[in-house]
Amino acid sequence: MKFFSLLKANLFRSRKRTFLTIASVALALFLFASLRTVVTTIAAAAQFGSARRLVVTNSTGFVLPLPVAYANRLEAMEGIGTVTWANWFGGKYGDNKRFFGQFAVDPESYLAMYPEMSVPADQKEAFFRDRSGALIGKRLLDVFGWKVGQSITLQGTIFPGDWTFTISGVYTPTDAVINDDMMLFHWEYLDEKIGRPGIAGWYIFEIDRPEDAARISKAVDDQFRSSPAPTKTGTEQAFNASFATMWGNISLLMNTIGMAVVFAILLVTANAMMMSARERTREIAVLKTIGFSDRRLFTLVMAEAGLVTMIGAVLGLGGAKLLYKGTNFNAAGFLPGFDVTTSTLLIGSGIALALMLASGIAPALRAARLPVVTALRSVE
Amino acid sequence: MKIPIVYNIRSLLGRPLSTALTALGIALVVAVFIGMLALANGFAVALKTTGSEENVLVLRKGADNEMSSGIDRASTSIIASFPHVKQGADGAPLVSPEVYVVIPMGRITDTTTYANVVLRGVSDKVWDVRANLQIIDGRRPDAAKNEVCLGTKLIGRFPRTGVGEAITIAGRPWEVVCHFTADGASFESEIWGMNEQVMPVMRGQVFQSVTFRLADAGAFDEAKRALEGDQRLQVDAQRESVFYAKQSELLGSILNILAILITSIMAVGAIFGAVNTMYAAVASRSSEIAVLLTLGFRPVSIMVSFLAESALIALIGGVIGCLIVLPVNGIVTSTTNWASFSEIAFSFRITPGLLLTGLIFALVMGVLGGFFPARRAAKMLVVQAIR
């Protein structure tokens, strides 16, 4: 195969340069994939939420509590199924270097509400039975080296004092968007220890038909409008979106930077590839002399550009995918479910293709159209 | 003998497309580099200027931010009676017990989502306790009415923020009576109302923090000991400046790590590109190099000349990069301060120091990128090169 040995010879004629070109393409695409994944992860978090779950918060501000007595009133309402509630605990563990969210929940109803949090049956039973029991995300086992059955003590910030919990079980999220580094414990335990004020941070309830969401939300808010703690009800998705949009312009920023990065490195790389093709004018003239057709030479130069960008793309995009998957990266809990999506891989491949065309076509055309006489003369 | 720099300039001009592409590549890297640092810088400035060295912030023991803290009225009076608290011109202590709540506000741009904005109840002494406050429009709110003063960063980002208009908090209208600035501090992203009005609609008879001016700025340690040692109080005292510096730590370090990570990967890519370009430049000019050698220029001069050429491209790129990034200076962006779950707005801040850093960064990329190709040029043998 004359064609392939020529291709190989071309790639290896300056190993250093071929390596550098491939490496810079790989780096550009790696960075592109990483930055875009930040954007897609935030977007996925904003999209997450069952259309059948609604969240009720205090309309004055989500940090203000609601009376826990609302649970019964919600359950009694038409169209509302399971009702559960949770409180933000805000405790510190150890030196507080690694933050994680802790929630006081009503165990049975909360786990029933979130089938996405899978817990082994025996651990679930143990959690239900033990009033000071806690259910933790599987990532926390690795982060702190905890074991099931172990006792841990947190310092409360909102609810002062030392709080000791026994780890009864570990949950595994079946949907990557759910944080795998949270801690759940009994709402009863919290309520009892702080003197039974009977407060819930927010309620979550399930409705039978998603179409009813707007109507039921309004009914709930009307019901509590004139009470001391009026409510704001919306879909779980809107609730999550309000947190995701708190990242503000970070997504826009990441996109802009990502594009600038890719563009910058590709400019430089395309230039280097074109220059390396140009200095081979004489070789191409020789090939023409010994009978290579114009089309053949065009293909040869394009194939070289294609091979270099393809290897770079596979390394960069594949590297990003494997790295984040392999290290289970989630930015210390801020970006759960950080995974390079297929669309990112496709767009990345598209960029590689564009790079191949941008850097390959000019020299390939030049090679194909090169008049032998001028080419040979121009060298010496 | 040195090769005149004119030679390099002519070489660059002789291949305008290639020079432009390389310079533009480096320009973008430098622009992103400066832009990211300007962002981190703006954020740091916003939170650093928030706290004053001379003020003490008191929170409930164990609470690490205002949101999780709570201080009752009795404790507030005890704190105000301490001798370490500076007295105002009228003899009253310069102390501001404050209510801190995060409330949802509809955005102007996207009405389907809410931003969480800080609503701070303050005492009428706050304008003296915090020295960097300045009311730029309107008058101070009246404690007897539902009136608020808005930080300037809220204006234009949320509806009905003009003086004379009214925003809705807790289901009732509050008249906007003034706008204030605070030297770029995060207070500029907050809504301030008077305690007398804010407290009843929010958390009941509890303040979240107490801030006071030290009578003697150097006597912080004494004040801290006295407050924390008092049997009647369960509080932690810290300098206001230290508190806000700590609040910015998390996001600040995220921004800095991002800046370093992204730009170092970019820089490596750009250096690879520069190396490649210079290798190609050296290869295509081998006969020129041979002529130079024949003319009697020493290999060292050739190496210096090629390095200078690479540095020159990078420097041009650096200057273009600075020009590209300059317009972002002052643009207001916002993100969440996760320590308080509230939105904080801040501006990109480009300083001359950052521009200089960017130029040096470009120069380093150029020199690193030019080194090996320049060495190759210098090592060429006349016979081989001229062939």
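Residues numbered from 1 in each chain as written. Chains lettered and ligands numbered in written order. Predicted model: local features only at pLDDT ≥ 70, side-chain atom pairs only at ≥ 80, totals over all residues.

1. A short note on the overall build of chain B
Looking only at helices and strands, one finds 11 helices and 14 strands in chain B. For chain B, whose C-alpha radius of gyration is 29 Å, the value lies well above the compact-globule estimate of 21 Å for 387 residues. Across its three principal axes, chain B shows a C-alpha extent of roughly 95 × 45 × 35 Å. A separation threshold of at least 6 residues defines the contact pool for chain B, and within that pool the share at least 24 residues apart is 82%. (Helix = DSSP H or I, 4+ residues; strand = E, 2+ residues; numbered from the N terminus. Rg over C-alpha atoms; globule rule 2.2 N^0.38 Å. Contact = placed C-beta atoms within 7 Å.)

2. A few points about the overall build of chain A
Tallying secondary structure elements over chain A gives 14 helices and 13 strands in all. Along the first, second and third principal axes, the C-alpha atoms of chain A reach 95 × 45 × 30 Å. Each of the 380 residues in chain A was classed as buried or not, and the buried ones make up 43%. Counting only contacts in chain A whose residues sit at least 6 apart along the sequence, the fraction spanning at least 24 positions is 82%. (Buried ≥ 20, exposed ≤ 12 C-beta atoms within 10 Å, placed from the backbone.)

3. Quick word on the domain arrangement of chain B
All names here are of chain B. Its domain assignment divides chain B into domain 1 (5-48 + 247-386) and domain 2 (55-216). Summarising the inter-unit geometry, the C-alpha centres of domain 1 and domain 2 are found 46 Å apart. Looking at the side of domain 1 that touches domain 2, the element that brings in the most residues is strand β14 (residues 342-347), giving four residues. Split by residue class, the side of domain 1 that touches domain 2 holds eight nonpolar, three polar and one charged. (Domains from an automatic or database assignment. Nonpolar A, V, L, I, M, F, W, Y, C, P; charged D, E, K, R; others polar.)

4. Thoughts on the interface of chain B and chain A
With 49 residues of chain B at the interface, the matching set in chain A holds 43 residues. Of all the elements, helix α7 (residues 240-284) of chain B adds the most residues to the side of chain B that touches chain A, at 16 residues. In terms of residue class, the side of chain B that touches chain A is made up of 27 nonpolar, 17 polar and five charged.

5. Focus: the domain arrangement of chain A
Residues and elements named next belong to chain A. For chain A, the domain assignment lists domain 1 (2-46 + 248-379) and domain 2 (53-208). If you average the C-alpha positions of domain 1 and of domain 2, the two centres end up 48 Å apart. Opposite the seven residues of domain 1 that make contact, domain 2 presents nine residues.

6. Notes on the environment of Val38 of chain A
Residue and element names in this part refer to chain A. With respect to the element layout, Val38 can be found in helix α2 (residues 15-47). According to the C-beta neighbour criterion, Val38 is buried, with 21 such atoms within 10 Å. For Val38 and Ser251, which are 213 residues apart along the polypeptide, the C-alpha to C-alpha distance reads 7.5 Å. For Val38, the residues in contact, after removing those within four places along its chain, are Met254 and Leu335.

7. Some remarks on the environment of Glu304 of chain A
All names here are of chain A. In this fold, Glu304 is placed in helix α12 (residues 294-327). C-alpha of Glu304 to C-alpha of Met356: the two residues are 52 residues apart in sequence and 9.1 Å apart in space. If we skip the residues at most four places from it in the chain, Glu304 touches Leu7, Asn10 and Leu11.

8. A short note on the packing of helix α10 (residues 250-278) of chain A against helix α2 (residues 16-48) of chain B
It is the contact of α10 of chain A with α2 of chain B, at a shortest axis distance of 8 Å, that shows an interaxial angle of 155°. On the basis of the axis angle, α10 of chain A is roughly antiparallel to α2 of chain B. α2 of chain B is crossed by α10 of chain A, and the crossing has left-handed handedness. From α10 of chain A, Ile257, Ala260, Val261, Phe263, Ala264, Ile265, Leu267, Val268, Asn271 and Met275 of chain A reach across to α2 of chain B, where they touch Ser18, Leu21, Thr22, Leu24, Gly25, Leu28, Val29, Ala31 and Val32 of chain B. A class-by-class count of the residues in the contact of α10 of chain A with α2 of chain B yields 15 nonpolar, four polar and no charged. (Axes fitted to C-alpha atoms, helices over the stretch in contact; angles between N-to-C directions. Parallel < 35°, antiparallel > 145°, perpendicular 65-115°, else oblique. Left-handed = near helix turned anticlockwise from the far one by under 90°.)

9. Examining the nonpolar core
Counting 222 residues, the largest nonpolar core has Leu29, Tyr203 and Val261 of chain A together with Val32, Ile34 and Ala270 of chain B as the members making the most contacts within it. Per-element accounting of this core gives the leading share, 20 residues, to α2 of chain B. Each residue touching Tyr203 of chain A, except ones within four places of it in the same chain, is listed here: Val56, Leu66, Tyr70, Ala71, Leu74, Val83 and Trp85 of chain A. (Core = buried A, V, L, I, M, F, W, Y, C linked by C-beta atoms within 7 Å.)

10. What about helix α13 (residues 342-369) of chain A?
All names here are of chain A. The terminal C-alpha atoms of α13 lie 39 Å apart, and with 28 residues this matches the ideal 40 Å at 1.5 Å per residue to within 8%. The largest bend along α13 measures about 40° and falls at Gly360, with the proline Pro363 one to four residues further on. Within the span of α13, buried status applies to Thr344, Gly348, Ile351, Ala352, Leu355, Met356, Ser359, Gly360, Pro363, Ala364, Ala367 and Ala368. As for α13, its buried residues are in contact with α2, α10, α11 (281-289) and α12. (Expected span 1.5 Å × (residues − 1). Bend = angle between axes of the 7 residues up to and from the residue.)

11. Regarding the confidence of the model for chain A
Taken over all residues, the pLDDT of chain A has a mean of 87, while the share at 70 or more is 98%. The weakest mean pLDDT in chain A belongs to helix α14 (residues 372-379) of chain A at 67; the strongest belongs to strand β10 (residues 183-186) of chain A at 96. (pLDDT = per-residue confidence, 0-100.)

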